[in-house]
Each structure stands twice: as C-alpha cells, then as structure tokens.
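# Structure at a glance
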Amino acid sequence: QVQLVESGGGLVQAGGSLRLSCAVSGRTFSRSVMAWFRQAPGKEREFVAAITWGGGSTYYADSVKGRFTISRDNAKKTVYLQMNSLKPEDTAGYYCAADSAVFRWPPRQNNYEYDYWGQGTQVTVSS
C-alpha cells in the first residue's frame, strides 16, 4: 500500500510562487512515475507534471512548462512541485499521484491510469 500526503497549498497573488510537497509512505517502486494533477471547479482533473522515481526524468504539460518544476528527494521520499509566475488560471486543487503499472515514458497523462492518490491541496491565485 502507498500513501501520499500533499502540503504547501495556499493563497498567492498572480506572479507569485508556491512549493507543493508530496510525502510518500508505504511501498515505493523503484521505477514508478510520480505525478501532479490539478482540478479546477467544474473541470476534469488534468495532468501537470511527472518525474521518474529513480532516474529524475521530468515531463510537463504545455500550460506549465517553463514555470513549474517537479523534483524529488529520495532520502525524504518526497516529491515537490515548485510553481513560479503563478496565474489565476492555475487556481485548482493539486493532487499527487503514483503510477505503479509497467514503466512507460513519456508518462501516462490520464488520471484513471494512476492508482494511488493523495487528498489534494488547494492553490488559489488572485489577480
């Protein structure tokens, strides 16, 4: 069993920054992909970024490329999402997810393809 716990959300002005954290406990998979998704009210959950647990390769949605950075600290079993130059359209609940299926890269980008999820953390960007 894998447990994911997100933290770091909050209210920030447009142009500001936030760093989200996802603490992973339980089984970890040396070749699993860790990802961040987000979901705004009335919208479907969408892929934001992903990182390989062991190799450090990263992948981003076009909407956040150049502004967001995903990283991980294996010793702390934590995945981070550094969000810079935030825009009001980045407002959403942000969710950490783990893909424990057979490794695939570029990563899976559909939420139903990920089998472990955190409870989410809210990010609100004011204009």
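To keep things clear, this report deals only with the structure shown in the data block.

Thresholds applied
- Residues numbered from 1 in each chain as written.
- Predicted model: local features only at pLDDT ≥ 70, side-chain atom pairs only at ≥ 80, totals over all residues.
- Heavy atoms only, no water.
- Helix = DSSP H or I, 4+ residues; strand = E, 2+ residues; numbered from the N terminus.
- Polar contact = N/O pair within 3.5 Å; in protein donor to acceptor, adjacent residues only side chain to side chain.
- Salt bridge = Lys/Arg side-chain N within 4 Å of Asp/Glu carboxyl O.
- Buried < 20%, exposed > 50% of the residue type's maximum accessible area, 1.4 Å probe, protein only.
- Pairing = 2+ DSSP bridges.
- Axes fitted to C-alpha atoms, helices over the stretch in contact; angles between N-to-C directions.

Moving on, we get to the environment of Asp62. Among the secondary structure elements, Asp62 is positioned in the loop between strand 6 (58–60) and strand 7 (68–73). Separated by 14 residues in the primary sequence, Asp62 and Val48 place their C-alpha atoms 8.5 Å from one another. A polar side-chain atom of Asp62 sits 3.1 Å from a polar atom in the side chain of Lys65.

Turning our attention to the pattern of salt bridges. Here the structure, examined in full by the defined rule, presents 6 salt bridges. In this structure, the salt-bridge partner of Glu46 is Arg38, at a minimum N-O distance of 2.6 Å. Exposure remark for Glu46: the relative accessible area of 36% places this residue in the partly exposed category. Here Arg38 falls in the buried class, since its relative accessible area comes to 6%. Between Arg67 and Asp90 there is a salt bridge; the shortest N-O distance is 2.7 Å. One end of the pair, Arg67, is in the loop between strand 6 and strand 7; the other, Asp90, is in the loop between strand 8 (78–83) and strand 9 (92–99), and 23 residues separate them in sequence. In this structure, a network of salt bridges that share partners links the residues Arg38, Glu46, Arg67 and Asp90.

Let us look at the sheet that holds strand 7. Spatially, 1-3-8-7 is the arrangement adopted by the 4 strands of the open sheet, whose pairing is antiparallel. Here the strands that pair on one side only, and so sit at the sheet edges, are strand 1 (2–7) and strand 7. Averaged over neighbouring strand pairs, the angle between their axes works out to 15° when direction is ignored. The pairing of strand 1 with strand 3 (residues 18–26) spans 6 bridges and is classified as antiparallel. Bridged to Val2 within strand 3 is Gly26.

Read these as spatial facts, not as claims about activity.
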